[in-house]
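Results of the structural survey
Single-letter residue listing:
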Amino acid sequence: MFQSTHSLLTAPSTRKAFSAGLLLLGFAGTLPAAASDTVLDTDVAPESAPHNMYFATSIATRHFRPDDAHNNTQHLLNLEWNYRDNTLVGAAHFKNSYRQPTTLVYWGKKYHPFDVSPNTYVKVVGGLIHGYKDEYQDKIPLNKYGTAPVILPAVGYCYKQLCTEVIVFGTAGAMWTGGVRF
């Protein structure tokens, strides 16, 4: 058993995912600590204080121009920090449309445009994506060195602690996600 666990942990893709996870945990540890240092001695937390965390996974993906090479099962793991002023930061790990391990680090803003439905929101995030390699490197724009900028719009709805979103990834497709706030 030790032999198989050791070989799993030394596989290049597992080491990268493990390293990304450690980096994410380290990053997570710094955000709440830094934000809590700014809390004043009042009963009201500042707008920049963290409000909640959100963990989501993919439910379904649909490519606008389906191809046999496309992967519609992303295995998304997404962790996001939401702040009282509706700004957010997050990181995600998933398999891209060509089954390659991919990481996304992003920041953005949520908007609540509908007074009659305050739990509905529109979200726009921007960040850096890494993972489109080899023959698929040119499938996303500006990916000359394996890392590219991205802008991702989404529409979401939360009921108590449960949320769902539809995220549009460029002209390629859309992903439906589900998650929980805590």
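All residue numbers refer to positions counted from 1 along the written sequence of the respective chain. Per-residue local features of the predicted model are confined to residues with pLDDT of at least 70, and side-chain atom pairs are confined, for both listing and counting, to 80 or more; whole-chain, interface and lining totals are unaffected and use all residues. Based on all heavy atoms of the structure, the side-chain values leave hydrogens and waters out of the count.

Considerations on the overall build of the chain
Every helix listed is a DSSP run of H or I at least four residues long, and every strand listed is a run of E at least two residues long, numbered separately from the N terminus. Within the chain, the regular secondary structure consists of two helices and eight strands. Moving toward the C terminus, one meets the helices and strands of the chain in the order α-α-β-β-β-β-β-β-β-β. Burial classes: relative accessible area under 20% of the type maximum marks a residue as buried, over 50% as exposed, and values in between as partly exposed (1.4 Å probe, protein chains only). In the chain, which comprises 182 residues, the share counted as buried stands at 35%. Whether two residues are in contact is decided by their heavy atoms, any of which lying within 4.5 Å being enough. Within the chain, contacts between residues at least 6 apart in sequence are counted, and of these 48% link residues at least 24 apart.

Quick look at the pairing of strand E4 (residues 101–111)
The side-chain alternation of E4 yields one buried face, formed by Thr102, Leu104, Tyr106, Gly108 and Lys110, and one unburied face, formed by Pro101, Thr103, Val105, Trp107, Lys109 and Tyr111. Whether two strands pair depends on DSSP finding at least two bridges between them. With nine bridges connecting them, strand E3 (residues 87–95) and E4 associate as antiparallel partners. Across the sheet, glycine 90 pairs through a bridge with tyrosine 106, a residue of E4. Here E3 folds back onto E4 in antiparallel fashion, the turn holding five residues, of which arginine 99 has a positive phi close to 65 degrees. Here E4 pairs with strand E5 (residues 120–130) via nine bridges, running antiparallel. Within E5, the residue paired with threonine 103 across the bridge is histidine 130.

A few points about the environment of glycine 146
Secondary-structure assignment places glycine 146 in the loop between E5 and strand E6 (147–159). Of the residues examined, glycine 146 reaches a relative accessible area of 9% and is grouped as buried. For the pair glycine 146 and tyrosine 136, spaced 10 residues apart in the sequence, the C-alpha separation amounts to 10.0 Å.

Remarks on the pattern of salt bridges
Pairing of side chains with opposite charge becomes possible as their charged atoms draw close. Put simply, a salt bridge is a Lys or Arg side-chain nitrogen that is within 4 Å of an Asp or Glu carboxyl oxygen. Summed over all chains, the structure comprises two salt bridges. Taking the shortest distance from any N to any O, the salt bridge between glutamate 165 and lysine 123 comes out at 2.9 Å. Taken together, the positions of glutamate 165 in strand E7 (residues 162–169) and lysine 123 in strand E5 put the pair 42 residues apart, joining distant regions of the chain. Overall, glutamate 165 belongs to the buried group, its relative accessible area being 2%. Overall, the relative accessible area of 5% leaves lysine 123 in the buried class.

Observations concerning unusual backbone geometry
Unlike most non-glycine residues, aspartate 134 shows phi in positive territory, near 55 degrees. One can find aspartate 134 in the loop between E5 and E6. On the accessibility criterion, aspartate 134 (62% relative accessible area) is exposed.

Quick word on the side chain of asparagine 52
When you line up the elements, asparagine 52 lands in strand E1 (residues 50–63). Residue asparagine 52 is classed as buried on the basis of its relative accessible area of 12%. With residues near it in sequence (within four places) discarded, asparagine 52 still touches Glu80, Trp81, Asn82, Arg181 and Phe182.

Remarks on the side chain of lysine 110
Following the sequence through the fold, lysine 110 ends up in strand E4. Buried within the structure, lysine 110 lacks any salt-bridge partner; its nearest side chain of opposite charge belongs to glutamate 80, at an N-O separation of 4.4 Å. Residues adjacent in sequence count toward polar contacts only when both atoms are side-chain atoms; beyond that, a polar contact is any pair of N or O atoms within 3.5 Å, and within protein one must be able to donate a hydrogen and the other to accept it. Side chain to side chain, lysine 110 and asparagine 82 meet in a polar contact 3.1 Å long. Not counting residues within four places of it along the chain, the set of residues in contact with lysine 110 comprises Glu80, Asn82, Asn86, Leu88, Tyr121, Val122 and Lys123. Within this scheme the basic residues Lys and Arg register as positive and the acidic residues Asp and Glu register as negative, but His and the chain ends are omitted.

Topic: the packing of aromatic side chains
Paired rings are identified among Phe, Tyr and Trp, the last through its six-membered ring, by centres lying within 6.5 Å, and are further divided according to the angle between planes into stacked (under 30 degrees), edge-to-face (over 60) and tilted (the rest). Summed over all chains, the structure comprises two aromatic pairs. Between tyrosine 98 and tyrosine 132, the ring centres sit 6.5 Å apart and the planes meet at 75 degrees, which makes this aromatic pair edge-to-face. Residue tyrosine 98 is located in the loop between E3 and E4, and its partner tyrosine 132 is located in the loop between E5 and E6; the two are separated by 34 residues in the primary sequence. Taking relative accessible area as the criterion, tyrosine 98 reaches 15% and is therefore assigned buried. Both rings, one in tyrosine 98 and one in tyrosine 136, keep their centres 4.2 Å apart while their planes meet at 10 degrees; by these two values the pair is stacked. Separated by 38 residues along the polypeptide, tyrosine 98 in the loop between E3 and E4 and tyrosine 136 in the loop between E5 and E6 bring together distant segments of the chain. For tyrosine 136, a relative accessible area of 21% corresponds to the partly exposed category. Among the aromatic side chains, those forming a connected cluster through ring pairs are Tyr98, Tyr132 and Tyr136. Seen from the ring of tyrosine 121, lysine 110 lies directly overhead, with NZ or CZ sitting 4.3 Å from the centre. The rule is short: NZ of Lys or CZ of Arg within 6 Å of the ring centre and within 35 degrees of the ring normal puts a charge over the ring.

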